[in-house]
Amino acid sequence: MAILLTGGAGFIGSHTSIELNKAGYEVVLVDDFSNSSPEVLNRLESITGQKFPFYEGSILDKDFLRGVFEKHQIDAVIHFAAFKAVGESVSEPLKYYHNNITGTISLLEVMKEKGVKNIVFSSSATVYGMNNVSPLTEDLPTSATNPYGYTKVMMEQILMDVVASDPEWSVTLLRYFNPIGAHESGLIGEAPNGIPNNLMPYITQVAVGKLAELSVFGDDYDTPDGTGVRDYIHVVDLANGHSLALKHNLEQVGTQIFNLGTGNGYSVLDLVKAFEAENQVAVPYVIKERRPGDIATCYADASKAKEILGWTAQKDLHDMMRDSWKWQSQNPNGYDA
């Protein structure tokens, strides 16, 4: 059974390809390397002992996509391909709306042409907006505070409308919380372009000496230590969630929505202290003013994924801190030599 992963060379896509391979699926990867590296493919081969079919191109190019579908008997798609930097989405909204939304429509049109009606979508907890109270459940209203978030809200709506128009479709929306960590081998991990937008790679780049200090945005939130609280999930647990979600997707039709998180909230300073304790490396930080659009607390109710998919996060904060540092310390410049 062949599964197409768009954005398959990215942080989450690459880890998911390993778990799908373990589960016995044929993995086909598509990526344009706009936020990933060709070196990922070599690392995946080292980890799995297999060379996954790979095609370089953009999901905006329908002829390119048609070619991929014609070379393989694709049974389902896991859709990761999207731009994801919140700050950049504010400064370049048209870039984000075009790539994320038009790209998704392009993919869905080709899937429809080829009779492939099973898709697992990489969504985000950002769709819960600012006004819902944690723990967050899948039935809460969605909204957003920036163009990136709105692309996720809109892509979810497009996918649900496709199901409403054609009951043969099976759509699974996976709302991630905060993926961190790396593969236990240290061969693949998160390698953002430029200054990291996410907390964990920022911590590890400070620890490895690439950045001078961590900026902590706000220490006056209504949280135990005043810094923002989030639900951090190990990327391998997240990848396992995709494998189980895919299995369920292939067995039913309609729309299913699942949170993938641990259900536990950790503050920014909790992460810094846990990283320092686990790895015996100092992470200097400086407190700065709050960022617009940040909320105090955000964590998941992941009980639906446990009940229906049989999925729970298996790795704890120690695993996340250890694996993040193993990846960064072995690859101080990411995938660049």
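Residues numbered from 1 in each chain as written. Predicted model: local features only at pLDDT ≥ 70, side-chain atom pairs only at ≥ 80, totals over all residues. Heavy atoms only, no water.

As annotated in an unreviewed UniProt entry, the protein chain is UDP-glucose 4-epimerase from Streptococcus saliviloxodontae. Of the comments in the UniProt record for the protein chain, the one headed Sequence similarities (unreviewed entry) reads "Belongs to the NAD(P)-dependent epimerase/dehydratase family." The UniProt entry for the protein chain carries the following comment under Catalytic activity (unreviewed entry): "UDP-alpha-D-glucose = UDP-alpha-D-galactose". (UniProt positions renumbered as here; feature names shortened; annotations may be inferred.)

Describe empty space enclosed by the protein, naming the residues involved and giving the relevant values.
According to the stated counting rule, one finds one cavity of 30 Å³ or more in the structure shown. Quantified by volume, the largest cavity comes out at close to 70 Å³. Mapped by element, the contributors of at least two residues to the lining of the largest cavity are helix H7 (199-207) and helix H11 (317-330). Residues that form the lining of the largest cavity fall into these classes: five nonpolar, four polar and one charged. (1 Å grid on protein atoms, 1.4 Å probe; cavity = no way out; pocket = protein on both sides within 12 Å on 5 of 7 lines; lining within 4 Å. Points joined across faces, edges and corners; volume = space filled by probe spheres on them. Helix = DSSP H or I, 4+ residues; strand = E, 2+ residues; numbered from the N terminus. Nonpolar A, V, L, I, M, F, W, Y, C, P; charged D, E, K, R; others polar.)

Talk me through the sheet that holds strand E1 (residues 2-6); I want residue IDs and the actual numbers.
In spatial order, the strands read E3-E2-E1-E4-E5-E6-E11; together these seven strands make up an open sheet with parallel pairing. The open sheet has two free edges, formed respectively by strand E3 (54-56) and strand E11 (254-260), since each of these has just one partner strand. Strand-to-strand twist of the sheet, defined as the mean angle between neighbouring strand axes without regard to direction, takes the value 15°. Taken together, the three bridges between strand E4 (residues 74-79) and strand E5 (residues 118-124) define a ladder with parallel strand orientation. Note that in E5 the partner of His79 across the bridge is Phe121. Set on the sheet, helix H3 (residues 62-71) makes contact with E1, strand E2 (26-31), E3 and E4; between it and E3 the angle comes to about 165°. (Pairing = 2+ DSSP bridges. Axes fitted to C-alpha atoms, helices over the stretch in contact; angles between N-to-C directions. Contact = heavy atoms within 4.5 Å.)

Explain the pairing of E2 to me, and be specific about the residues and the numbers.
By the criterion of burial, E2 is predominantly enclosed, with five of the six residues buried. Where E1 meets E2, five bridges bridge the pair, whose relative direction is parallel. Across the sheet, Thr6 pairs through a bridge with Val30, a residue of E2. Pairing of E2 with E3 involves three bridges; the strand directions are parallel. Counterpart to Asp31 in the pairing with E3 is Glu56. Since E2 and E3 lie parallel, the crossover through helix H2 (residues 39-48) that links them has a hand, and here it is right-handed. (Buried < 20%, exposed > 50% of the residue type's maximum accessible area, 1.4 Å probe, protein only. Right-handed = clockwise from strand over helix to strand, strands pointing away.)

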